[in-house]
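An overview of the molecular structure
Each chain, written out:
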Amino acid sequence: MAEAEITQGAIEAIFCDRERAAVQFPVPVLQCLHIKFLENKNPGVPGPERYRIVLSDIRNYVQCMLATQANRVVHDGLLQKGSIVRVKQYQAQSVKGKSILIILDLDVMTHLGTPDKIGDPKLMEAAPSEQQQNTTIGGAGFYGGAKSEPAAVHETKPQVQRQVASRTGGGGGSGGHAASTIYPIEAISPYANKWTIKVRVTSKSDIRTWHKTHSEGKLFSVNLLDESGEIRATAFNQEVDQFYDLLQEGSVYYISTPCKVQLAKKQFSNLANDYELMLESGTVIERADDQSSVPQVRFNFCTIQELQGVEKDATVDVIGVLKEVNELEQITSKTTQKPYDKRELTLVDDTGYSVRVTIWGKTAREFDASPESVIACKGTRVSDFGGRSLSLLSSGTMAIDPDIPEAHKLKGWYEAQGRNNTFATHSNLSSVGAATGRKDDAKWIAQIKNENLGVDKTDYFTVKGTIVHMRQENFAYPACPSESCNKKVTDMGDGTWRCEKCNITHDRPQYRYIMSVCISDHTGNVWISCFDEQARLIMGKTADEMMELREQDQAAFEAAFDAANCRKMSFRCRAKMETFAEQPRVRISVWNAAPLDYKSEAHRLAELIKEMSV
DNA sequence: CCCCCCCC
């Protein structure tokens, strides 16, 4: 009989007296009254699958979130409305006057069936102290109040006492964090003010420095994983010195407050967590003796076909069979001039689609998986190049033939039929774009403004237009002639030009273009900025030559501008928010410019027509 | 307090 199994009163105890709850109800048995799948709040950005459930102990019911690792009870069809469950691990939270239980582990007592709602349970109100806090005006009392801290995770599994080396005493010791106080990453929020997590460092960045007008410093960040979720942690300046060597990629640590928890900025976050950690000098980090109990990696795959609906610049995990491996190549970054090693992979999956994945640096150099291996990539950035393509971020990871169900399934599919399939690419679809909402990045000029390119993030696009005007004032600046310096030099007034960066004076500068060009198409006009390489291509002369003309032959100087005017070209552009005179505005820089190739343009149009008429 | 993740 189900009713007899249910631990009546457990819910109130969990929220009002957790010590009593632990003793009296070590494993609460509750009835599931409701299961709701939560829609992804960010369409186009894959997030973890989420379920909200309502659990009752006959006297009370409470809203619960299923931690993602507990989703299996839904997937397996075990958890249904009416089911009786044993809650093996949970986290009680009281947030904004509401009681919420995060369910980290549960069993469905299937032998008890799915009876109708038992009794007439009442909503579990927030604990009295919570209600009181929430009547205070403003957030300070809420954030600062010790009572608003959620109860520690309740683990019903037997725990082995762990040996902890004392960081200060240097010797060994026992104790430290009782295992029962370990929080799941998923329960961390600004509302929790005292916690310890047990996490694996799944990736660690290099130390980076920044120099801006108002600040400079250094930082590094790590991605942390436990069975409940992931979170990024960043250390700045002195905390870099304190923690960089201690935190090793792949190792497991206890990390304890004090530690700042703040909202992760969505546009930069590549992990499925609303929050991120900022390590403080007081943050306690200890390597765990037990390195094996925390998972190694956590994937949230989307299929290759689904990439079509994923927005550009989202971060996703993919898994596929390795169809092609290219040779190692080198490229030079256009922004930093730094060289990068890269390698292109082509992955296919059982949706019938293929996608190109670029891997970088060491991962690219040391890549030696054989074709037809299964490759799982965690943390790839979605680009719209070629319809859809992927680039493995430096914070991402790659696993070859991982021992996970998705990999075995793909292997089986590939052996049975996939090997002989042909695969669709996203570029086939996207080129039809003009009529159907194009996915490629060719834009009319009006679209640049209408689509707010560059406003929220940096956008790249190609625009074809006719040059209608070139600004003659300040078309060039005197640059340092040193190899790849290009910084503006100062006229010292004695015939020499000084470069502050190189700390050298030169006899003459090398002029470089920074030319504003107005281009036009049938939808409008826009000003774009051309730098030296592109402007040289447009003008057919170097900036030095133009400076000389200006000095010696004003008519010839103007004629050179006239000659370049009215050319029709294709411009590869970057639109980015920049600040001029404290006014933010979108600046469009030309990355590449090329005269229109009428033959290939005509060919492209013919292909488009052909695809539309299929 | 960063927020770059590169190239076609």
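Refer to the structure printed above.
Here's a quick rundown of the structure. (Residues numbered from 1 in each chain as written. Chains lettered and ligands numbered in written order. Predicted model: local features only at pLDDT ≥ 70, side-chain atom pairs only at ≥ 80, totals over all residues. Heavy atoms only, no water.)

1. As for the overall build of chain A
The criterion, for reference: Secondary structure elements are taken from DSSP: a helix is a run of H or I of four residues or more, a strand is a run of E of two residues or more, and numbering for both begins at the N terminus. Partly exposed residues are those whose accessible area sits between 20% and 50% of the maximum for their type, while under 20% is buried and over 50% is exposed, using a 1.4 Å probe and protein chains only. It only takes one pair of heavy atoms within 4.5 Å for two residues to be counted as in contact. Residue burial considers only the protein chains on display, and all accessible areas are found by Shrake-Rupley using a 1.4 Å probe.
When you go through chain A residue by residue, the secondary structure sums to 16 helices and 34 strands. Residues counted as buried form 44% of the 614 residues belonging to chain A. A separation of at least 24 residues holds for 63% of the contacts in chain A among residues at least 6 apart in sequence. Entry remark: accessible area of chain A is about 32,000 Å², with carbon and sulfur atoms responsible for 50%.

2. A look at the protein's contact with DNA strand B
Here is the rule: Nearness here has a simple test: a residue counts as near a molecule or strand if at least one of its heavy atoms is within 4 Å of that partner. Here a polar contact is taken to be a pair of N or O atoms separated by no more than 3.5 Å, where protein atoms must pair a possible hydrogen donor with a possible acceptor and residues adjacent in sequence count only if both atoms sit in side chains. Ten residue types, Ala, Val, Leu, Ile, Met, Phe, Trp, Tyr, Cys and Pro, are classed as nonpolar, four, Asp, Glu, Lys and Arg, as charged, and the remainder, Gly among them, as polar.
Around DNA strand B, a shell composed of 27 residues is seen, among which Leu219, Arg232, Lys334, Tyr340 and Lys342 lie nearest. Here the atoms of DNA strand B within 4 Å of the protein split so that 34% fall in sugar or phosphate, with bases taking the remainder. The side chain of Arg356 places a nitrogen or oxygen atom 3.1 Å from a base nitrogen of DNA strand B. Contributing elements (two or more residues each) for the surface near DNA strand B: β12 (208-211), β14 (230-236), β17 (275-279), β20 (329-332), β21 (339-348), β22 (354-360) and β24 (389-400). Grouping the amino acids of the surface near DNA strand B by side-chain chemistry returns 10 nonpolar, 9 polar and 8 charged.

3. Concerning the side chain of Glu344
With respect to the helices and strands, Glu344 occurs in strand β21. Reaching out from Glu344, the side chain makes a polar contact with the side chain of Lys342 at a distance of 2.9 Å. Those residues within four positions of Glu344 in sequence are excluded, and the remaining contacts are Glu324, Val325, Asn326, Glu329, Arg356, Val357 and Thr358.

4. Quick notes on the packing of helix α14 (residues 543-552) against helix α15 (residues 554-564)
What describes two packed helices is the angle between their axes and the distance between those same axes. Our working definition: Only the stretch in contact is used when a helix axis is fitted, and all axes are lines through C-alpha atoms; the angle between N-to-C directions ranges over 0 to 180 degrees. Roughly parallel here means an angle under 35 degrees, roughly antiparallel means over 145, roughly perpendicular means 65 to 115, and every remaining angle is called oblique.
Closest axis-to-axis distance for the α14/α15 pair is 6 Å, and the angle between their directions is 140°. Classified by the angle between their axes, α14 and α15 sit oblique to one another. Contacts between α14 and α15 pair Met546, Leu549, Arg550 and Gln552 from the former with Gln554, Ala556, Phe557, Ala560 and Phe561 from the latter. Taken together, the residues of the contact of α14 with α15 sort by class into 6 nonpolar, 2 polar and 1 charged.

5. A word on helix α13 (residues 532-539)
So the rule is basically this: As used here, the arc belongs to the directions running from the helix axis to the C-beta atoms.
Regarding α13, the residues found buried are Asp532, Gln534, Ala535, Ile538 and Met539. Taken down its axis, α13 places every buried residue within 165° of arc, on the same side. Just downstream of α13 lies Gly540, where phi reads positive at about 75°.

6. Some points on the packing of aromatic side chains
Applied cut-off: Ring geometry is summarised as follows: Phe, Tyr and Trp rings, the Trp one being its six-membered ring, pair when their centres sit within 6.5 Å, and such pairs are stacked at plane angles under 30 degrees, edge-to-face over 60 and tilted between the two. Think of it as a cone above the ring: NZ of Lys or CZ of Arg counts as a charge over the ring if it is within 6 Å of the ring centre and within 35 degrees of the ring normal.
Enumeration over the complete set of coordinates arrives at 12 aromatic pairs. Following the ring pairs from residue to residue traces out a cluster consisting of Phe475, Tyr513, Phe557 and Phe561. Just above the ring of Tyr244 sits the side chain of Lys204; from NZ or CZ to the centre is 3.8 Å. The residue whose ring lies beneath Arg471 is Trp527, and the NZ or CZ to ring-centre distance is 4.4 Å.

Any functional reading would require information that these geometric values do not contain.
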